[in-house]
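Coordinate inspection notes
Chain residues, written in single-letter form:
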Amino acid sequence: MSTTNPSDRRGFLKKAALGGLLTVGIPAIITEAFAANKPKKVTLKQDAVILFQGDSITDAGRKKDNMDFNSPSALGSGYAFLAASDLLLQHPGKNLRIYNKGISGNKVYQLAERWENDALGLKPDVLSILIGVNDFWHKLNGNYDGTIQTYRDDFKKLLDNTKQRLPEVKLIIGEPFAVTGIKAVNEKWYPAFNEYRQAAREIADAYGATFIPYQTVFDKAQKSAPGVYWTYDGVHPSLAGARLMSQAWLETVKG
C-alpha cells in the first residue's frame, strides 16, 4: 500500500498538467528510454514458447500450483501478464505459449537451483530474465552475503548452462532498477546498486541478449508523474508501473 499523501500527488499532477509534463505519454517514454541503444528485436516464430523468469517483480502473485501456459492466474498480475495479454491479442495465429516462473525473493543462485524444471525443461524459444535487485537488497539488509562479483559469476554460469542446453534460445535481460526516495530505496543503495545495473547490461551484451533499460524507463516516466505513481516502495511497480514495464518489454519483440 502506498504511503503517499493524496494531496501531495494531486498537487504534483496539477502542476505537471499546467507545465505540460503530462503530454509525455508512454510511447514517448519508451522511445526516449531506448534512444541511446536501439533494442535488438526478437522475432516470435510460430508455436513459440516464451518464458518470464525472475523475482517478485516478475512473480506478481502468480498461482504457483497452476502449471498452464497463457493462464491469467499462472501469469500473475504484473508486467509479464500484461505483456502476455498484448502478445496473445496481437498474434492470435501464432499459437504462442507463455509462462511465468518468477519467484518472490529470488537471487541468481536461486534461479539456478530450480532452472532444470522452471526453465530448461520448458524449452523456451524466448527467455526473459529480470534478476538482481535482491542480490543487492538482501545484502544491504543483512540477509545475504553475495557480492557484485557473485552476481556476475552466478549470472554468467546460469546463462552458460542455458546456452549449452538451448543454443537457439533468444535471451531478453531486464535491467535491475530502483526509484530513489521511496520507502525501501534510500542513499544507502548508491553508488553500489549501480554496479548491478551495469553488470546486467554487460552480461546482456556478452551473451547477445536484448537488453531492457528499465532504470531509464522509470527515470523518464517521472517526467509525467512522481516515482510513487510508478512504484509503491521504490522496487515493486504499481499498476501503472507494471504497464510501463510491459510496454518496454514489448518494444523488444516483433511478430
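Residues numbered from 1 in each chain as written. Predicted model: local features only at pLDDT ≥ 70, side-chain atom pairs only at ≥ 80, totals over all residues. Heavy atoms only, no water.

Considerations on the pattern of salt bridges
Overall, the coordinates contain 9 salt bridges when judged by the stated rule. In this structure, the salt-bridge partner of Lys-220 is Glu-32, at a minimum N-O distance of 3.8 Å. Separated by 188 residues along the polypeptide, Lys-220 in helix 11 (residues 214-221) and Glu-32 in helix 2 (residues 26-33) bring together distant segments of the chain. Given a relative accessible area of 29%, Glu-32 falls into the partly exposed group. Salt-bridge contacts for Arg-152 lead to Glu-202; the nearest nitrogen and oxygen are separated by 2.8 Å. With a gap of 50 residues between them, Arg-152 in helix 9 (residues 148-165) and Glu-202 in helix 10 (residues 192-206) connect regions that are remote in the sequence. (Salt bridge = Lys/Arg side-chain N within 4 Å of Asp/Glu carboxyl O. Helix = DSSP H or I, 4+ residues; strand = E, 2+ residues; numbered from the N terminus. Buried < 20%, exposed > 50% of the residue type's maximum accessible area, 1.4 Å probe, protein only.)

Digging into the nonpolar core
In terms of nonpolar packing, the biggest core is built from 74 residues, with Ile-50, Leu-87, Tyr-151, Phe-155, Trp-189, Tyr-214 and Trp-249 touching the most fellow members. With near-sequence residues (within four places) excluded, Phe-155 lies in contact with Val-108, Ile-129, Ile-131, Ile-173 and Ile-203. (Core = buried A, V, L, I, M, F, W, Y, C linked by side-chain atoms within 4.5 Å. Contact = heavy atoms within 4.5 Å.)

What to know about the packing of aromatic side chains
Given two aromatic rings, their pairing is described by the distance between the two centres and the angle made by the two planes. Tallied over the entire structure, the rule returns 16 aromatic pairs. Judged by centre distance (6.4 Å) and plane angle (65°), the ring pair of Tyr-79 and Tyr-214 falls under edge-to-face. Note that Tyr-79 is positioned in helix 5 (residues 79-90) and Tyr-214 in helix 11, a separation of 135 residues in sequence. Grouping residues by exposure puts Tyr-79 and Tyr-214 together as buried. With a centroid separation of 5.8 Å and an interplanar angle of 15°, the aromatic rings of Tyr-109 and Tyr-144 are classed as stacked. Of the two residues, Tyr-109 sits in helix 6 (residues 108-113) while Tyr-144 sits in the loop between helix 8 (133-140) and helix 9, which places them 35 residues apart along the sequence. (Phe/Tyr/Trp six-rings, centres within 6.5 Å; stacked < 30°, edge-to-face > 60°.)

What about helix 10?
An α-helix turns once every 3.6 residues. As a result, residues three or four positions apart point the same way. If you check helix 10, its first and last C-alpha atoms are 22 Å apart, about what 15 residues at 1.5 Å a residue would give, namely 21 Å. Turning to helix 10, its buried residues are Phe-193, Tyr-196, Arg-197, Ala-199, Ala-200, Ile-203 and Ala-204. With its buried residues spanning 155° around the axis, helix 10 presents them on a single face. The exposed residues of helix 10 that point more than 90 degrees off its buried face are Asp-205 and Ala-206. Looking at the packing, one finds that the buried side of helix 10 touches helix 8, helix 9, strand 5 (170-174), strand 6 (210-212) and helix 11. Looking one or two places after helix 10, you find Gly-208, whose phi comes out positive at around 65°. (Expected span 1.5 Å × (residues − 1). Arc of directions from axis to C-beta.)

Some points on the packing of helix 2 against helix 11
Running from amino to carboxyl end, helix 2 crosses helix 11 at an angle of 135°, the nearest separation of the two axes being 9 Å. Judged by the angle between their axes, helix 2 and helix 11 are oblique. Here helix 2 runs over helix 11; the crossing is right-handed. For the pair helix 2 and helix 11, contact is made by Ile-29, Ile-30, Glu-32 and Ala-33 and by Thr-216, Val-217, Lys-220 and Ala-221, respectively. (Axes fitted to C-alpha atoms, helices over the stretch in contact; angles between N-to-C directions. Parallel < 35°, antiparallel > 145°, perpendicular 65-115°, else oblique. Left-handed = near helix turned anticlockwise from the far one by under 90°.)

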